[in-house]
Amino acid sequence: MSAAIASRIDEARLWERHMSIARHGATAAGGVNRQALSPEEASARREVTGWASALGLKASTDAAGNFFLRLEGTDPSAAPVLTGSHLDSQPTGGKFDGVYGVLAGLESVEAMIAAKVRPRRSIEIVAWMNEEGSRFVPGMMGSAAFAGAMPLEEILGIRDAAGVSVAEGLAAMKQACPEVPERALGGPVKAYVEAHIEQGPILEREGFTIGIVTGIQGKRTFRVTVTGEEAHAGTSLRRDRKDALLAATQMVQALVAVMHDAEDVVKFTVGRFTVQPNAPSVVPSSVVFSIDLRHPDSAVLQSLGDRIPEICAAQAGPCEVKSEKLTTSMSLEFPPAMRQLIGACAERVGVRSMEILSAAGHDARYLHTVCPTGMIFVPCKDGISHNEAESATASDLADGARVLAEALLELSRD
Ligand code: GLV
Ligand code: MN
Ligand code: MN
């Protein structure tokens with residue numbers, strides 16, 4: 001029976017839907033800028049809702065702004081099976097990161113409906129709120145709230161660079177999608193499977209279509225604030241200056257020297273650097289920069305991260321520095337049973353699969369604390385992601401959806 005589901009996956013429809021969603025927040029360079037809770041994300045949600053409503057799926061949202069599309073099972077009281085990812089993007093994001101998980105989930109459900117298979121458990125396709133952590137820091141807020149890993153009150157008060165809070169963003173989303181009813185936050189979940197492009201080069205290089213994700217490498221994030229003093233660029237003496245930019249760049253150099261290994265396993269990124277007053281003739285008075293540190297070995301991740309405050313303090317010179325720990329997520333491993341299930345589904349579909357560790361973060365991290373969780377990767381071109389040039393083939397996307405559909409069917413049966 002289940003081979004019939006995989007055969008109903010429509011490669012062309014899945015591809016066209018990616019292209020269609022990519023119009024919401026399209027950039028001139030062919031990528032997307034679809035920030036969390038923005039009008040662009042709202043219109044993407046509306047388009048996905050249109051496709052889902054035509055299939056009889058019911059949309060809902062929770063207090064954290066997560067967005068659900070539910071195919072009711074024959075036993076509506078049974079804990080649902082969840083699948084999905086996110087519709088927000090990086091400012092120079094691609095067409096597939098996150099979107100694929102949502103559209104592959106929808107395609108899987110559409111395949112079941114076409115095959116006249118009604119699962120016992122309901123299946124819910126979810127777009128988690130603010131996975132990317134670009135507009136609001138930190139990322140994966142919606143799934144963290146769902147899993148009870150971050151208090152909703154704390155999330156609601158977080159502000160973007162323009163001073164707009166998550167609570168205000170949620171109100172704007174509600175206004176843009178007024179017909180979507182609210183549901184309770186959290187609740188029992190039977191299992192979660194997230195499909196995603198790999199965002200790295202391994203599957204393509206090794207010639208595999210499906211990555212059975214073994215786990216997610218650990219990540220710690222920090223915010224460093226360097227405070228100096230504004231002064232005239234022409235008149236102030238060097239010895240009197242408290243140049244926050246000079247101190248901050250020295251900190252970054254010192255950090256890079258330590259957060260380094262010959263094997264290129266440790267990943268250290270300063271992706272945001274904000275200078276005040278950011279005027280050519282004023283000695284900078286303040287710099288705030290972000291740190292994204294990742295490593296698959298939790299002990300190494302912990303000890304490297306713990307060194308950040310002392311390294312920054314040693315480079316502060318006449319300035320003040322404050323290093324704040326924002327998030328700590330240790331490496332995790334998905335349950336063997338979920339990995340076996342995905343492997344068996346790949347075999348049934350007839351596609352080559354390999355086990356792979358996720359170097360990128362995903363909402364599956366938080367769902368892992370709620371229910372048995374697994375992830376399915378498909379290749380992306382040259383491993384490029386968080387880049388407008390991000391690309392994947394229609395055929396790989398469809399194969400991933402076939403494996404997802406099989407896995408969802410199996411999980412929603414018992
Ligand atoms: C997710 O987008 C990540 O940065 O890993
Ligand atoms: Mn993603
Ligand atoms: Mn991403």
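Above this text you will find the structure in question.
Residues numbered from 1 in each chain as written. Chains lettered and ligands numbered in written order. Predicted model: local features only at pLDDT ≥ 70, side-chain atom pairs only at ≥ 80, totals over all residues. Heavy atoms only, no water.

> So what's going on with the site of ligand 1? Which residues, and what values?
Looking at ligand 1, the residues that line it are Glu131, Glu132, Arg294, Ala360, Gly361 and His386. Within the side chain of His386, an N or O atom sits 3.2 Å from an oxygen atom of ligand 1. Along the lines of polarity and charge, the residues of the shell around ligand 1 split into one nonpolar, two polar and three charged. (Near = heavy atom within 4 Å. Polar contact = N/O pair within 3.5 Å; in protein donor to acceptor, adjacent residues only side chain to side chain. Nonpolar A, V, L, I, M, F, W, Y, C, P; charged D, E, K, R; others polar.)

> Tell me about the coordination of the manganese ion (ligand 3), and please be specific about residues and values.
Expected angles at a metal are 109.5 degrees for tetrahedral coordination by four donors and either 90 or 180 degrees for octahedral coordination by six donors. Those donors, Asp97 (OD), Glu132 (OE), Glu132 (OE) and His386 (NE2), are the protein atoms that reach the manganese ion (ligand 3), and they lie 2.1 to 2.4 Å from it. Sequence positions of the residues that donate to the manganese ion (ligand 3) give the spacing D-x34-E-x253-H. Between the manganese ion (ligand 3) and the manganese ion (ligand 2), the interatomic distance is 3.6 Å, and Asp97 donates to each metal, bridging them. Here Glu132, found in the loop between strand 4 (123–128) and helix 5 (141–146), pairs with His386, found in the loop between strand 16 (373–378) and helix 14 (394–411); they are 254 residues apart in sequence, far enough to count as distant. (Donors = N, O, S within 2.8 Å, 3.2 Å for Na, K, Ca; no water. Helix = DSSP H or I, 4+ residues; strand = E, 2+ residues; numbered from the N terminus.)

> Any chance you could break down the nonpolar core for me, citing the residues and the numbers?
Counting 76 residues, the largest nonpolar core has Val48, Leu57 and Val166 as its most contacted members. In terms of residue count, helix 14 provides more of this core than any other element does, 10 residues in total. Judged by nonpolar contacts, the second largest core, of 24 residues, contains Phe222, Val226, Met251 and Ile311. (Core = buried A, V, L, I, M, F, W, Y, C linked by side-chain atoms within 4.5 Å. Buried < 20%, exposed > 50% of the residue type's maximum accessible area, 1.4 Å probe, protein only.)

> Can you break down the packing of aromatic side chains residue by residue, with the values?
In this structure the tally under the stated criterion is six aromatic pairs. Seen from their ring centres, Phe68 and Phe146 are 6.2 Å apart, and the 40 degrees between their planes marks the pair as tilted. With Phe68 in strand 2 (residues 67–71) and Phe146 in helix 5, this pair connects stretches of sequence that are 78 residues apart. Residue Phe68 is classed as buried on the basis of its relative accessible area, which comes to 0%. You can call Phe146 buried: its relative accessible area is 7%. With a centroid separation of 5.7 Å and an interplanar angle of 20 degrees, the aromatic rings of Phe273 and Phe289 are classed as stacked. Pair noted here: Phe273 is in strand 10 (residues 273–276) and Phe289 is in strand 12 (residues 286–295), with a separation of 16 residues, a long-range link. Here Phe289 falls in the buried class, since its relative accessible area comes to 1%. Among the aromatic residues, those joined into a ring-pair cluster are Phe68, Trp128, Phe146 and Tyr192. The ring of Phe68 has Arg183 lying over it, and the distance from NZ or CZ to the ring centre is 3.6 Å. In this structure, Arg352 is placed above the aromatic ring of Phe208, and the distance from its NZ or CZ to the ring centre is 4.1 Å. (Phe/Tyr/Trp six-rings, centres within 6.5 Å; stacked < 30°, edge-to-face > 60°. Lys NZ or Arg CZ within 6 Å of the ring centre and 35° of its normal.)

> Quick rundown of the coordination of the manganese ion (ligand 2)? Include the residues and the values.
Here the manganese ion (ligand 2) is held by His86 (NE2), Asp97 (OD) and His196 (NE2), and the distances to it run 2.0 to 2.3 Å. Positions of the donor residues of the manganese ion (ligand 2) along the chain correspond to the pattern H-x10-D-x98-H. His196 sits in the buried class, given a relative accessible area of 0%.

> Got a sec to walk through helix 7 (residues 166–176)? Specific residues and values, please.
Residues spaced three or four apart along an α-helix point in a common direction, a consequence of the helix completing one turn every 3.6 residues. Residues Val166, Gly169, Leu170 and Met173 constitute the buried set of helix 7. Taken around the axis of helix 7, the buried residues stretch over an arc of 100 degrees, which confines them to a single face. Along its buried surface, helix 7 packs onto helix 3 (39–54), helix 5 and helix 6 (152–156). (Arc of directions from axis to C-beta. Contact = heavy atoms within 4.5 Å.)

> For the side chain of Ser20, give the residues involved together with the corresponding values.
Considering the arrangement of structural elements, one finds Ser20 in helix 2 (residues 11–21). Those residues in contact with Ser20, other than ones at most four positions away along the chain, are Glu47 and Trp51.

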